[in-house]
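The lines below spell out each chain.
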Amino acid sequence: MPRISLFCPTLALKAISLSLVRLLALSTLLCFMSACFKPSLVWVGIAEDQTGPLAHITRELDQGRRLTQLMYNQEAQSKSLLRFKTIDTLNSPEKTANAFRSLVDQQKVQILLGVPSSECAQIAKHIAEFRKIPFICNAFDSSLETKAGQTRLFRQSPSQMGSLTALYFFYVLKKNRLAVLYDEALLSTVQASEAYLREGRLIGASMQEEPFSSFDRPPDWQVSLSKLQSASPDLVFLAADPSHYKDLLTIARRVLQMSSIFVLHHLPLLEDLESDPDLFENAYFMLPFYEKKEKFVQSSFYRQYEDRFNQKPGFFSAQGHDEVVLLHELINADRNKTISERFALLHSLNFDKSKFLTGFRGFTEEGYSMHELDVLKMNQGKIEYQGEFWMESLSKGS
């Protein structure tokens, strides 16, 4: 009996069409899902003085940022998601306010960055707090205290430098009698001295202090140093402007008449160093950043910066680099959270400090950045780099 075929061309075409429709729908769904999960760009708004009195600083910052962004794009497996929008403020508080409002309200940036001027940074901070936009600030002033709101201070504070100075000489050099002569007319020296004294007392050192005022002409350093002499300090922290170092050290060595170690937070002026290098013999310099240390000079960033801009990078170039590294760490953190949520948890992130050039180690809960100190010493007429120093402070918020 002949076999009967049940094949129907019309039914077959309908089956094929249905399969194609299903395949097309699945393909569309996969494309949609891929688009949904694709990381989006992160826009960062910068309003700084680009052509006014602070242009030399912001130029270095900008060059450091641009080079680091370029390095990320060259080395990373995928292109950087960071994008920058910048506005020139001419260091005007009014222009700064208008610029940051525009960046937030019209240009819809997700992060604010910059402002070396403390006055302009204060304005940016108010806008960031009011609009609930994360702000990474590269200025430092007591008026910028954050209390962990929307602002993080990405600059080493004088207070932290004072604390680390006391810790270094007590624990590393085993000095127990610590003294400070500080200029009460300068906010930064007052902040550094207060933290130095507070930290020293917490760790059990014998502390002695004497203020002077650079508003006095000339300051009566001899009287202040004579008062310190009775304590026979192992070292004296001279918290003053570098323009005073030569006269201050000359009087200090004569009045104290002993082999006290002298500690400074700045390198001496070049003309003072050249005219009398013996005056600074055995002095220690505790710096937030030493631009000639080998680790920095040998870095890929340093070499590329020289090649690209025909000049050596300095502190602000390194800070610009570290700002971009920090931003990448932020946007690559837990992507299930918003940028603001990640920003609020910055203090809990474990940063790889080898990625940063300025000794950055993370943030405190109060919103201050933690940085190592670079330690230098004058030895036989030459300034020698001793290394980096970091130790957890016992005092809160340093």
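Every value quoted in this text rests on a predicted model; they were computed, and no experiment measured them. (Residues numbered from 1 in each chain as written. Predicted model: local features only at pLDDT ≥ 70, side-chain atom pairs only at ≥ 80, totals over all residues. Heavy atoms only, no water.)

## Focus: the sheet that holds strand β4 (residues 135-137)
Inference 1: Strands sit in the order β2-β1-β3-β4-β5 across an open sheet of five strands; the sheet is parallel. Strands with a single pairing partner mark the edges of an open sheet, and in this sheet they are β2 (82-88) and β5 (151-153). Here the average twist between neighbouring strands, direction ignored, is 20 degrees.
Inference 2: Where β4 meets β5, three bridges bridge the pair, whose relative direction is parallel. Considered in β5, the bridge of Cys 137 is made with Leu 153.
Inference 3: On the sheet, helix α2 (residues 55-75) packs against β1 (42-48), β2 and β3 (111-114) and is oriented at approximately 165 degrees with respect to β1.
Inference 4: Across the sheet, helix α4 (residues 118-131) touches β3, β4 and β5, and the angle it forms with β4 is around 160 degrees. (Pairing = 2+ DSSP bridges. Helix = DSSP H or I, 4+ residues; strand = E, 2+ residues; numbered from the N terminus. Axes fitted to C-alpha atoms, helices over the stretch in contact; angles between N-to-C directions. Contact = heavy atoms within 4.5 Å.)

## Some points on the environment of Glu 271
Inference 1: Tracing the sequence through the fold places Glu 271 in helix α9 (residues 270-275).
Inference 2: A residue is classified by how much of its surface remains accessible, and Glu 271, at 51% relative accessible area, is exposed.
Inference 3: The spatial distance from the C-alpha of Glu 271 to the C-alpha of Lys 246 is 10.0 Å, given a sequence separation of 25 residues. (Buried < 20%, exposed > 50% of the residue type's maximum accessible area, 1.4 Å probe, protein only.)

## Quick look at the pairing of strand β13 (residues 373-379)
Inference 1: Buried residues dominate β13, accounting for five of its seven residues.
Inference 2: The turn linking β13 back onto strand β14 (residues 382-389) is made up of two residues, and Gln 380 within it adopts a positive phi angle of 50 degrees.

## Quick word on the environment of Ser 393
Inference 1: Relative to the assigned elements, Ser 393 resides in the segment after β14.
Inference 2: Under the relative-accessibility criterion, Ser 393 is labelled partly exposed at 22%.
Inference 3: Here the alpha-carbon distance between Ser 393 and Gln 160, two residues 233 residues apart in the chain, equals 8.2 Å.

## Here we look at the packing of helix α5 (residues 158-172) against helix α6 (residues 187-203)
Inference 1: Where α5 contacts α6, the two axes come as close as 7 Å, and the packing angle between them is 40 degrees. Considering the angle they form, α5 stands oblique to α6. By crossing handedness, the relation of α5 to α6 is classed as right-handed. In this structure, α5 uses Pro 158, Ser 159, Gly 162, Ser 163, Thr 165, Ala 166, Leu 167, Phe 170 and Tyr 171 to contact α6, whose residues at the interface are Ser 188, Gln 191, Ala 192, Ala 195, Tyr 196, Glu 199, Gly 200 and Ile 203. (Parallel < 35°, antiparallel > 145°, perpendicular 65-115°, else oblique. Left-handed = near helix turned anticlockwise from the far one by under 90°.)

## Remarks on the packing of aromatic side chains
Inference 1: Summed over all chains, the structure comprises 21 aromatic pairs.
Inference 2: Measuring from ring centre to ring centre gives 5.1 Å for Tyr 168 and Phe 169, while their planes differ by 85 degrees; the resulting arrangement is edge-to-face. Side by side, Tyr 168 and Phe 169 carry an identical accessibility label, which is buried.
Inference 3: Ring centres 4.8 Å apart and planes at 65 degrees place the aromatic pair Phe 356 and Phe 360 in the edge-to-face group. Take Phe 356 and Phe 360: they sit in the same class, and that class is buried.
Inference 4: Of the aromatic side chains, those joined through ring pairs into one cluster are Phe 154, Phe 351, Phe 356, Phe 360 and Phe 363.
Inference 5: Stacked on the ring of Trp 43, the Lys or Arg Lys 85 has its end atom at 4.6 Å from the ring centre. (Phe/Tyr/Trp six-rings, centres within 6.5 Å; stacked < 30°, edge-to-face > 60°. Lys NZ or Arg CZ within 6 Å of the ring centre and 35° of its normal.)

## So, helix α12 (residues 315-331)
Inference 1: Taking 1.5 Å per residue as the helical rise, α12 with its 17 residues ought to reach 24 Å, and the 24 Å between its terminal C-alpha atoms agrees with that figure.
Inference 2: Within α12, 17 of the 17 residues are buried, which leaves it mostly tucked inside the rest of the structure. (Expected span 1.5 Å × (residues − 1).)

## Regarding the confidence of the model for the protein
Inference 1: Taken residue by residue, the protein gives an average pLDDT of 87. The fraction at 70 or more is 86%.
Inference 2: When mean pLDDT is taken per element in the protein, strand β10 (residues 284-287) scores highest with 98 and helix α1 (residues 9-37) scores lowest with 51.
Inference 3: Predicted confidence for residues 1-7 stays below pLDDT 50, and this span has one contact to residues more than four positions away or in other chains.
Inference 4: Long-range and interchain partners of residues 29-37, a stretch whose pLDDT sits below 50, account for zero contacts in this model, where long-range means more than four residues apart. (pLDDT = per-residue confidence, 0-100.)

## Digging into the sheet that holds strand β9 (residues 261-264)
Inference 1: Pairing is mixed in the open sheet, where seven strands are placed in the order β7-β6-β8-β9-β10-β13-β14. Edge positions in the sheet fall to β7 (206-212) and β14, since each of these pairs with one other strand and no more. When the angles between neighbouring strand axes are averaged without regard to direction, this sheet yields 20 degrees.
Inference 2: Two elements, β13 and β14, share seven bridges in a ladder whose sense is antiparallel. Across the sheet, residue Leu 373 finds its bridge partner in β14, namely Phe 389.
Inference 3: The sheet strands contacting helix α8 (residues 245-256) are β6 (177-183), β8 (235-239) and β9, and the helix crosses β9 at an angle near 160 degrees.

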